[in-house]
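Each chain, letter by letter, is given below.
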Amino acid sequence: MRTIGFVGLAVFALFARTGGCVAQEASDPAGAGITAVEGLRLGHFTLRERPTGCTVVLAEDGAVAGVDVRGGAPGTREVALLDPVNRVQAVHAIVLSGGSAFGLDAASGVVRYLEERGIGYAVGGHVVPIVAGAILFDLGVGDGSIRPGPECGYQAALAASAAAPAEGSVGAGAGATVGKLRGLERAMKGGIGTASITLDDGLTVAAVVAVNAIGDVIDPATGEIIAGVRNEDGTGFADARRLLREGELPGRGGGGAPAGNTTIGVVATNASLTKAEITKVAQMAHDGLARAIYPAHTPRDGDTLFGLATGEHEDEGGLTRIGALAAEVVAEAILRAVRAATGLPGIPSASELAPAGG
């Protein structure tokens, strides 16, 4: 007989009453996030049955792509194809999904969406869309037998828009949590966030990140914990940095079960880059992940960042500038993800918890 656990049952009950979330709502109109990169569109789909879902970044004209995997337990699709030594240069979409390995099926729906529109590589009388992706583990939140599949990916692609994307508890961030160093009972709500920087010379660098970390989300500018492991009474932060120094055993959930983690995302630029260059940008972007999440890149994480370059801008500032900006927008997207998140029963959001530590 399947057991969900107290937190999971409470979450499932809430979603059953409310009907879940499907629509993509406009977020802060001041910035378009990753859709500030011309040629990219983003869509979310959140399952009604429990908090999980998927997020799709569409590059229908094709974008030069790379990837960098830093976590020790990744779940990915088509990453070998993105190696700079391999033949295919561009992808048509990146899928970020909840549902652990089951969520990789969401990419099949995006492939179908693209094929129906004749988007992909022409091969032997067929059109073959190239869709890469990665997943995060959210099966402990609600009924884990409910996972994103092909229809989730298809609907997310249908919803894709160049408008400012929704953030927080939507799409791949719907079931995301952070601060699981002491189990899900002390965790807080993660989510998905997006950020962008556009310089006066026209260079744009942007990111979208689904944040599902074992540890704390920390503002790099202040060192302040924004969301993370809660203290004994649940009203403040235990501070993962202190816990690990005091000998805390990481990666264990309630009842001794492993906690599920992984932060995944996409960094993008309008610069004209090669596969090797956008791969280097994805590598440098992980600096932003490590600045904003502690600990990061652990053996139980699947931390993965994809890179996309649309080639609309001939940049003279060099790869160093693009990579450094990529790290900045990744950190900002992570902060935005948890600040925009909506809490669940037993899993409060950053906006619901007093900032004072405990």
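For the structure, check the block above.
Computed from a prediction, not measured in an experiment: that's the story for all the values here.

Calculation notes
Residues numbered from 1 in each chain as written. Predicted model: local features only at pLDDT ≥ 70, side-chain atom pairs only at ≥ 80, totals over all residues. Heavy atoms only, no water. Axes fitted to C-alpha atoms, helices over the stretch in contact; angles between N-to-C directions. Helix = DSSP H or I, 4+ residues; strand = E, 2+ residues; numbered from the N terminus. Parallel < 35°, antiparallel > 145°, perpendicular 65-115°, else oblique. Left-handed = near helix turned anticlockwise from the far one by under 90°. Contact = heavy atoms within 4.5 Å. Nonpolar A, V, L, I, M, F, W, Y, C, P; charged D, E, K, R; others polar. Buried < 20%, exposed > 50% of the residue type's maximum accessible area, 1.4 Å probe, protein only. Lys, Arg positive; Asp, Glu negative; His and termini not counted. Salt bridge = Lys/Arg side-chain N within 4 Å of Asp/Glu carboxyl O. Polar contact = N/O pair within 3.5 Å; in protein donor to acceptor, adjacent residues only side chain to side chain. 1 Å grid on protein atoms, 1.4 Å probe; cavity = no way out; pocket = protein on both sides within 12 Å on 5 of 7 lines; lining within 4 Å. Points joined across faces, edges and corners; volume = space filled by probe spheres on them. Core = buried A, V, L, I, M, F, W, Y, C linked by side-chain atoms within 4.5 Å. Pairing = 2+ DSSP bridges. Phe/Tyr/Trp six-rings, centres within 6.5 Å; stacked < 30°, edge-to-face > 60°. Lys NZ or Arg CZ within 6 Å of the ring centre and 35° of its normal.

## Concerning the packing of helix H5 (residues 275–292) against helix H6 (residues 319–340)
Put simply, H5 and H6 touch, their axes get as near as 7 Å, and they point 40° apart. Considered as vectors, H5 and H6 are oriented oblique to each other. Where H5 crosses over H6, the two elements pack in a sense that is right-handed. Contacts between H5 and H6 involve Glu277, Lys280, Val281, Met284, Ala285, Asp287, Gly288, Leu289, Arg291 and Ala292 from the first element and Leu319, Thr320, Ile322, Gly323, Ala324, Ala326, Ala327, Glu328, Val330, Ala331 and Ile334 from the second. For the contact of H5 with H6, the residue count by class is 13 nonpolar, three polar and five charged.

## Thoughts on the side chain of Asp303
The topology assignment puts Asp303 in the loop between strand E15 (293–294) and strand E16 (304–313). No salt bridge is formed by the buried Asp303, whose closest oppositely charged neighbour, Arg70, lies at an N-O distance of 9.2 Å. Within the structure, Asp303 has its side chain in polar contact with the backbone nitrogen of His297 (distance 2.8 Å). Beyond its immediate chain neighbours, meaning those up to four positions away, Asp303 contacts Asp68, Val69, Arg70, Gly71, Thr262, Thr263, His286, Leu289, Ala296 and His297.

## Details of the pattern of salt bridges
Taken as a whole, this structure holds 14 salt bridges when the rule is applied. Between Arg50 and Asp138 there is a salt bridge, and its shortest N-O distance comes to 3.1 Å. Placement of Arg50 in the loop between strand E1 (41–46) and strand E2 (53–69) and of Asp138 in the loop between strand E7 (131–135) and helix H3 (150–159) is noted, with a sequence separation of 88 residues between them. Between Arg70 and Asp68 there is a salt bridge; the shortest N-O distance is 2.5 Å. For Arg70, a relative accessible area of 34% gives the class partly exposed. The class for Asp68 is buried, based on a relative accessible area of 10%. Via salt bridges that share partners, Arg112, Glu116, Arg117 and Glu151 belong to a single interconnected network.

## Description of empty space enclosed by the protein
One way to see where empty space is left: roll a probe the size of a water molecule over the atoms. Taken as a whole and judged by the stated rule, the model has one cavity of 30 Å³ or more. Every element with two or more residues in the lining of the largest cavity is listed here: strand E4 (90–97) and E7. Classifying every residue of the lining of the largest cavity by side-chain character gives four nonpolar, three polar and one charged.

## Description of the nonpolar core
Ranked by internal contacts, the top residues of the largest apolar core, which has 40 residues, are Val178, Val211, Val217, Val330 and Ile334. Going through the elements one at a time, strand E11 (204–211), strand E12 (216–218), strand E13 (225–227), strand E14 (264–271), H5, E16 and H6 are the ones with two or more residues in this core. The leading source of residues in this core is H6, at 11 residues.

## Remarks on the sheet that holds E12
With antiparallel pairing, three strands are arranged side by side in an open sheet as E13-E12-E15. The sheet is open, and its two edges are formed by E13 and E15, each paired on a single side. Here two bridges tie E12 to E15, and the two strands are oriented antiparallel to one another. Its bridge partner being in E15, Val217 is matched across the sheet by Ile293.

## Description of H3
Turning to H3, its buried residues are Cys152, Gly153, Tyr154, Ala156 and Ala157. Buried positions along H3 lie against E1, E2 and helix H2 (106–116).

## Looking at the packing of aromatic side chains
Tallied over the entire structure, the rule returns one aromatic pair. A ring pair is formed by Tyr113 and Tyr154, whose centres lie 6.1 Å apart and whose planes are at 75°; its orientation type is edge-to-face. Of this pair, Tyr113 sits in helix H2 while Tyr154 is found in helix H3, placing the two residues 41 residues apart along the sequence. With a relative accessible area of 5%, Tyr113 lands in the buried category. Taking relative accessible area as the criterion, Tyr154 reaches 11% and is therefore assigned buried. Stacked on the ring of Tyr154, the Lys or Arg Arg112 has its end atom at 3.8 Å from the ring centre.

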